[in-house]
Amino acid sequence: MNRLHALFRRVSVVAAGALLGLTGVALVASPASAHHSVVTATAACDTDTGEWVVTWTIDSKAPPGVDNYKFVKVVAKTYVGDKATDVTIPGIAVTKGKNYPHSVNTPLTAEQRLDNTVTKASLAIRAKWENGKIERGLPEETVELGGTCDQKPPAPTSPKPTASVVSDCEGVVTVTLNNAADATAKAKFTVTDAEGSAQKANVKPGESTSVQVPAEKAATIKVEVKGIDEPLFDGKPAPADDCVEPGEPTGTYQSTCDELIFEVNNPADGETVTTTFTPNKGEPQTLTVEPGQSGTVSFPGEEGLTVTPSGDGLEDPEPIAWTKPEDCAPGSGGGEPGLPLTGAAAGGIAAGAVVLLAVGGGLFVMARRRKLRFTA
């Protein structure tokens, strides 16, 4: 009976001791096991660059109330066969200072790009939490980079160019250069005018630009694109078809006993006319006449006086000479007003009328070369 009682007492003591031991282990181990890190990795081949892309993820575990941690040790390696090389991974490094920059509640990810000759990569870390706990082990992950990772050849690229060639009423040509939105390359244009001068423009997909060719160089135009055999345009631009001719100015002149007088009349539907009159004696005079207006200039009459009109559009103007009317009083240079002119005087006026027509014709040429466009 006493032996049985003693046996039960011994078993009870052993059981109680074991229970106390397990309780102590739990009390000591629980805080440590609650602090740990999990390292995982995935790898993929970037065929655009021919590189391995390894994505590392670190998931930190800690008890409630512990929100941040830092790294106190980081070991990262890459392998080519059996040869190991220490490397760094952007975003995963030993933390300097006393701060704890990483959040326990948010997995930390980082991307590592590796040459396609690398066969393996590994990462091991040790964390320290803001409550002072330090990771006991060194959690590690290794990723095998099997197979090949080759860069794919670039897709072929090509432009999709178009060009429009439009003349205005002054003869200036605007060349609009377009590259379609679904083009896969720049369009490299060259616009060559009648004198062989070239203008170049590079147009990105979905964009356009324009170049202008002056009227005096626009007799023929060629539009070419690098890589395309046939020109987009090669020939004479079509003239503008919506131009309105301005009214025609007229010019007259008259020799009196004292002066050589010029008059320019500009109709209301004309354009501003500017003419310069240059005498062979004295200073030139410039006359500008607005539409619907008229204007005159005069030069003192004297033997040998000639005046040459000039202006935009006047071609090869001839000098106009002052001719003294024969009915002028001797010494006074004047004549009786209202007297009919006959004989040589009438001939002088007739000659003046011929030159008058020449001046008017010159102004007419000038007006014809100036176009006026009306748009709604």
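As a reminder, the structure under discussion sits directly above these lines.
Report on the accompanying structure.

The rules we used
Residues numbered from 1 in each chain as written. Predicted model: local features only at pLDDT ≥ 70, side-chain atom pairs only at ≥ 80, totals over all residues. Heavy atoms only, no water. Helix = DSSP H or I, 4+ residues; strand = E, 2+ residues; numbered from the N terminus. Buried < 20%, exposed > 50% of the residue type's maximum accessible area, 1.4 Å probe, protein only. Contact = heavy atoms within 4.5 Å. Areas by Shrake-Rupley, 256 points an atom, 1.4 Å probe, with all protein chains shown as cover. Pairing = 2+ DSSP bridges. Core = buried A, V, L, I, M, F, W, Y, C linked by side-chain atoms within 4.5 Å. Salt bridge = Lys/Arg side-chain N within 4 Å of Asp/Glu carboxyl O. Polar contact = N/O pair within 3.5 Å; in protein donor to acceptor, adjacent residues only side chain to side chain.

1. Overview of the overall build of the chain
Moving on, step 1. Each helix and strand in the chain was counted, giving two helices and 22 strands.
Moving on, step 2. Across the 376 residues that make up the chain, the buried fraction comes to 29%.
Moving on, step 3. Pairs at least 24 residues apart make up 61% of the contacts formed inside the chain by residues separated by at least 6 positions.
Moving on, step 4. When the accessible area of the chain is evaluated, it comes to approximately 22,400 Å², of which 54% is carbon and sulfur surface.

2. Re the sheet that holds strand β22 (residues 320–321)
Two strands in a sheet stick together by hydrogen bonds in their backbones, pointing the same way (parallel) or opposite ways (antiparallel).
Moving on, step 1. Ordered by their spatial adjacency, four strands build an open sheet running β19-β18-β21-β22, and the pairing between neighbours is antiparallel. In the strand order of this sheet, the two ends are held by β19 (285–289) and β22, each with one partner.
Moving on, step 2. Examined bridge by bridge, strand β21 (residues 306–310) and β22 share two bridges and lie antiparallel to one another. In the sheet register, Val 307 faces β22, and the bridge partner there is Ile 320.

3. Some thoughts on the nonpolar core
Moving on, step 1. Counting 25 residues, the largest nonpolar core has Trp 56, Ile 58, Tyr 69, Ile 92 and Leu 123 as the members making the most contacts within it.
Moving on, step 2. When residues of this core are traced back to their parent elements, those giving at least two are β1 (36–46), β2 (51–61), β3 (68–80), β6 (108–115) and β7 (120–129).
Moving on, step 3. Looking at this core, the element that brings in the most residues is β7, giving five residues.
Moving on, step 4. Sequence-distant contacts of Ile 58, that is, excluding residues within four places in its chain, are made with Val 38, Val 39, Tyr 69, Phe 71, Ile 92, Pro 107, Leu 108, Leu 123 and Ile 125.

4. Here we look at the pattern of salt bridges
Close approach of charged atoms lets side chains of opposite charge pair.
Moving on, step 1. By the definition in use, this model includes eight salt bridges.
Moving on, step 2. A salt bridge links Asp 46 to Arg 113; its shortest N-O distance comes to 2.4 Å. Here Asp 46, found in strand β1, pairs with Arg 113, found in strand β6; they are 67 residues apart in sequence, far enough to count as distant.
Moving on, step 3. For Asp 59, the salt bridge goes to Lys 61, with nearest N and O atoms at 3.1 Å.

5. Focus: the environment of Thr 117
Moving on, step 1. Take Thr 117: it is sitting in the loop between β6 and β7.
Moving on, step 2. Within the local environment of Thr 117, its side chain forms a polar contact with the side chain of Asp 115, the two groups lying 2.7 Å apart.

6. Some points on the environment of Asn 179
Moving on, step 1. Secondary-structure assignment places Asn 179 in strand β10 (residues 173–179).
Moving on, step 2. The exposure class assigned to Asn 179 is buried, which follows from its relative accessible area of 3%.
Moving on, step 3. The spatial distance from the C-alpha of Asn 179 to the C-alpha of Ala 163 is 8.9 Å, given a sequence separation of 16 residues.
Moving on, step 4. Apart from residues lying up to four places away in sequence, Asn 179 is in contact with Pro 159, Lys 160, Pro 161, Ala 185, Lys 186, Ala 187, Val 203, Lys 204, Pro 205, Gly 206 and Glu 207.
Moving on, step 5. A distance of 2.9 Å separates a polar side-chain atom of Asn 179 from the backbone oxygen of Ala 185.

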